[in-house]
Amino acid sequence: MAHSDLAVVGAGPAGMAAAVTAAEAGLSVTLLDEQPRPGGQIYRDVDRAAARRGDILGADFTVGVRLTGALAQPGVAHVPGATVWAIEAGWRLLYTRDGRAAEVTADRVILATGAMERPMPLPGWTLPGVMTAGAGQILLKQSGLVPREAVLVGCGPLLYLVAAQMVRAGVPPRALVETQTKAELIAAFRHAGGALRNGPALAKGLGLIAEIAGAGIDRHTGATDIAIDGEGQAEAVRFRAGGRVHRIPARTVLLHHGVVPNTQAARSLGIAHRWDHGQHCFAPVLDGWGETERAGLFIAGDGAGIAGAKAAEAAGRLAALQAGRQAGRLSRGQRDRQAAPLRAALSRERALRPFLDAAYPPHAPALRPPDATVVCRCEEVTAGDIRRYATLGCTGPNQAKAFGRAGMGPCQGRYCGLTVTALLAEANRQSPEATGYYRIRPPLKPVTLGELAAMDAPARDAAE
Amino acid sequence: MKPASPFLELDEGPRVRVVFDGTPLDLRAGANLAAALLAAGVQTLRHTSVSGAPRGPFCMMGACYDCLVEIDGVVRQACMTEVAEGMEIARPRAGEAGHGA
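Residues numbered from 1 in each chain as written. Chains lettered and ligands numbered in written order. Predicted model: local features only at pLDDT ≥ 70, side-chain atom pairs only at ≥ 80, totals over all residues. Heavy atoms only, no water.

Taken together, the contact between chain A and chain B spans 49 residues of the former and 41 residues of the latter. For the pairing of chain A and chain B, the buried interface totals around 4,000 Å² over both sides, and the portion due to carbon and sulfur atoms is 55%. Together, A:Arg148, A:Arg251 and A:Glu380 form the three largest contributors to the area buried by chain A at its contact with chain B, with a combined 16%. The tally of links from chain A across to chain B stands at 5 salt bridges. The interface formed by chain A and chain B holds 18 residue pairs in polar contact (both at pLDDT 80 or more) in total. Listed by contribution, the elements that provide at least two residues to the side of chain A that touches chain B are α2 (46–57), β7 (115–117), β8 (130–132), α5 (133–143) and β9 (145–147) of chain A. When its residues are assigned to classes, the side of chain A that touches chain B shows 22 nonpolar, 13 polar and 14 charged. Relative to strand β1 (residues 7–9) of chain B, β9(A) runs antiparallel, the two sharing 3 bridges. Bridging from a neighbouring strand, A:Leu145 pairs with B:Glu9 of β1(B). (Contact = heavy atoms within 4.5 Å. Buried area = accessible area lost by both parts, 1.4 Å probe. Salt bridge = Lys/Arg side-chain N within 4 Å of Asp/Glu carboxyl O. Polar contact = N/O pair within 3.5 Å; in protein donor to acceptor, adjacent residues only side chain to side chain. Helix = DSSP H or I, 4+ residues; strand = E, 2+ residues; numbered from the N terminus. Nonpolar A, V, L, I, M, F, W, Y, C, P; charged D, E, K, R; others polar. Pairing = 2+ DSSP bridges.)

Pasting the structure below:
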């Protein structure tokens, strides 16, 4: 059984930066990641993709090779293709790789599990051909695929980025169906001061919008009553905008209205989460280094609250510095000297968020969808089902499981948890915080008996 | 006329023969299986066990479990699998993918 000073879960910007910073401080590091190659989702497969299509993906993507390149050092044991399915205090991490369960132990753990798309339950969102905008980007980055006859639906910088990348690839989307209203954009300007602290990011956003306009792509803003039509697969996007109903044929529909922290691993360890009113999601409660209430357990990057790749990198390094300090490898002075510029970078990146959060709020009808819309994709539980559970006395998401299996399929509530919380909060006239979230238990991802049987004996005893 | 694939493919490379639901397909060796099936024009990978509704890849990052397929008898996420020569891929039978974890 392998033991490290530090185990890091997730090889995105936060995890890679944390692993390298900790190794530079003299810690032995095991970096576990699900994907076959490092980068996380934001820098997915960057080593290959930057060379093949860096021109399409842009400099904000190709810069990721700096982080993947730094992993090649003796202090970091990068374990790709490792799906972590249990974390136990002490610390012990169980994972599956190549069809076999395995484990590592460590003195400290940094969770860098990143973000996932905010679920966008619209009528028809389960049809084949409907994907998240993030999935569209992953197809481009990793596989060099660009959807023809695509319509992009929702709001936020990622939607513009995907559209611009599709233009550069020579296959522009048919239309952008934007949920943002003019009033939301105007209201966001009271946060303009913070945004101006990060001028380059703001300029990039305006550049993307100009690129989309230059390509002559139809933009429909303030869209409501959005639904995806299709018999067996997506065929068209239907919506109301500018006072009339539109129907745009589409074989691929990419949905996006923000990303949210992936909190599954932290929740499985019972870490307290707070409701973030600005970002409409739960985030773990952390100190200034990213440490949780459980000593030696840190969370860094978008899994701690959405702030983007640059902030994730800084947060990963800060957590690693504190881990190095706790392990006695860094003096207080060494830690603080290295931390100062990181804190400045983090503050600059976070300053942009109130503007973005206000300018591109989640699409309200997709937070509390109409009754017939499926919210739990795995168990096909509808919004109406959840509302009915509330009238029968269901006060929280964990009870909703007992009422109708919501959140009990293989995705374990990842794509319905926030919706179920929102629906129950509204029906019971409670805050999301009081309503709570699914209790997450290991295994965090399905693990087969065959994978367990292939594990070393001591670990098998504990897994029983 | 619509192109067979709803996707433009930027990458080229050697292809290997796999069988999906009884149909032979030549997919790029080592490619992400979910992506390769999409590029081959396959959008529906399974039907849900609750209502029989069709599903295809949705998140492409191993989180949603909508792209479950049966590969050589084992139910796996297509988006977390790489294409290998001779793979026998089937749509999971009702009840084999979707319920339980």
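Read on for the rest.
Along an α-helix, a turn takes 3.6 residues, which lines up residues three or four apart on a common side. Residue and element names in this part refer to chain A. The set of residues buried in helix α15 (residues 383–391) consists of Ala 383, Gly 384, Asp 385, Ile 386, Tyr 389 and Ala 390. For α15, the secondary structure elements touched by its buried residues are β21 (374–376), β22 (381–382), α16 (397–404) and α17 (417–427). Remark: Gly 393 follows α15 within two positions and exhibits a positive phi of approximately 105°. (Buried < 20%, exposed > 50% of the residue type's maximum accessible area, 1.4 Å probe, protein only.)

Following the criterion strictly, the structure yields 31 salt bridges over all chains and no others. The closest approach of N and O atoms between A:Arg238 and A:Asp229, which form a salt bridge, is 2.8 Å. In this structure A:Asp229 comes out as buried when scored by relative accessible area, which is 15%. Here A:Asp276 makes a salt bridge to A:Arg274, at a shortest N to O gap of 3.9 Å. Relative accessible area serves as the criterion here: at 17%, A:Asp276 is assigned to the buried category. The exposure class assigned to A:Arg274 is partly exposed, which follows from its relative accessible area of 35%. Ionic contacts of the salt-bridge type, sharing partners, join the residues A:Arg377, A:Glu380, B:Arg46, B:Arg55 and B:Asp66 into one network.

Limitation: the analysis is restricted to geometry and does not speak to function.
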